[in-house]
Amino acid sequence: MLVRMTTNADEPQPRPRRRAPAGAAVLREDVTEAIRAAVFEELAAVGYARMSIEGIARRAGVGKTAVYRRWRSKLHLVLDLVSAIAVQGLPAPDTGTLEGDLRLLYEVTSRALRHPVASQIIPDLQAEAARNPDIAEALQKALREGQEGVASGIVAAAERRGEVRPGIDEELALDLISGPLYWRSVVIRSPKLPKGYLAALARATTEALKAL
């Protein structure tokens, strides 16, 4: 008696599992974050002009190829990071009053601007921006748009509460909100704010906005 062997050839066979992409096809996020952190540290330590891909790679504990897989040059790397700052923005205050919102905004912004890394990087990039229009554009976007998004929200909330007049000059309002602290922290680089400065600035700005 013959026994017929069956192989179920007509049944669908399981597809072979695809191997996960390897090598250049995968950019590990932990490596990317290590490189980003190294860029900020390198900028603070040596400045943009002296910063190198080699120095960034060494500080991040990776090879140069890991950096070049993500960015073509140090310029593209810095532009990417500076642009990312603008996207992240600042937390929007919601204290219920214009003066309270301004006080909280100034406290958060002041801490950020006085951070040792930021206090070194921003003036250095400003100097580079005078020579490089790409850096100038990215720096303006990071410093202005991130702040403006929050400041616009503060002004809009104050309008809804009736603390400022409807149709307030928004551009002038944003300059009043952002200008003084930026001037003291970034331009003249005051090492320490006087006691009560932020509270006084919030009060003065509130009165100025109400007068517009």
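Rules used in this analysis
- Residues numbered from 1 in each chain as written.
- Predicted model: local features only at pLDDT ≥ 70, side-chain atom pairs only at ≥ 80, totals over all residues.
- Heavy atoms only, no water.
- Helix = DSSP H or I, 4+ residues; strand = E, 2+ residues; numbered from the N terminus.
- Buried < 20%, exposed > 50% of the residue type's maximum accessible area, 1.4 Å probe, protein only.
- Contact = heavy atoms within 4.5 Å.
- Areas by Shrake-Rupley, 256 points an atom, 1.4 Å probe, with all protein chains shown as cover.
- Core = buried A, V, L, I, M, F, W, Y, C linked by side-chain atoms within 4.5 Å.
- pLDDT = per-residue confidence, 0-100.
- Salt bridge = Lys/Arg side-chain N within 4 Å of Asp/Glu carboxyl O.

*Asks:* Mind laying out the overall build of the protein, listing which residues take part and the relevant values?
*Replies:* In terms of helices and strands, the protein carries nine helices and zero strands. Order of helices (α) and strands (β) in the protein, N terminus to C terminus: α-α-α-α-α-α-α-α-α. Across the 212 residues of the protein, 36% fall into the buried class. Considering only contacts in the protein between residues 6 or more positions apart, those separated by 24 or more positions represent 67%. When the accessible surface of the protein is summed, it comes to about 13300 Å², and 54% of that surface belongs to carbon and sulfur atoms.

*Asks:* Which residues make up the nonpolar core, and what are the values?
*Replies:* Counting 27 residues, the largest nonpolar core has Ile35, Val39, Tyr48, Ile56, Leu77 and Val78 as the members making the most contacts within it. Of all the secondary-structure elements, those providing two or more residues to this core are helix H1 (29-50), helix H2 (53-60), helix H3 (64-68), helix H4 (74-88), helix H6 (116-129) and helix H7 (133-161). For this core, the element with the most residues is H1, which contributes seven residues. With near-sequence residues (within four places) excluded, Ile35 lies in contact with Ile56, Ala60, Val62, Ala66, Val67, Arg70, Trp71 and Leu77. Core analysis: the next-biggest nonpolar cluster, separate from the first, contains 21 residues, Val150, Leu174, Ala202 and Leu209 among them.

*Asks:* Residue-level account of the confidence of the model for the protein, with values.
*Replies:* For the protein, per-residue confidence averages 80 on the pLDDT scale, and 77% of positions sit at 70 or higher. The secondary-structure element of the protein with the lowest mean pLDDT is H4, recorded at 72, while helix H9 (residues 197-211) shows the highest, at 96.

*Asks:* How would you explain the environment of Glu171 if you had to name every residue and give the values?
*Replies:* In this fold, Glu171 is placed in helix H8 (residues 170-187). Taking relative accessible area as the criterion, Glu171 reaches 47% and is therefore assigned partly exposed. When the C-alpha atoms of Glu171 and Ser152 are compared, they prove to be 9.2 Å apart, with 19 residues separating the residues in sequence.

*Asks:* Hey, could you go over the pattern of salt bridges for me, with residue numbers and the actual values?
*Replies:* One pass over the structure, following the stated rule, counts ten salt bridges. The salt bridge partner of Arg36 is Glu33, with a shortest N-O separation of 2.7 Å. In this pair, Arg36 and Glu33 both sit in helix H1, three residues apart, roughly one turn of the helix. Owing to a relative accessible area of 39%, Glu33 belongs among the partly exposed residues under this scheme. Across the pair Glu128 and Arg131 runs a salt bridge whose closest N-O atoms are separated by 2.8 Å. We classify Glu128 as buried; its relative accessible area is 9%. Take Arg131: its relative accessible area is 59%, and that puts it in the exposed class.

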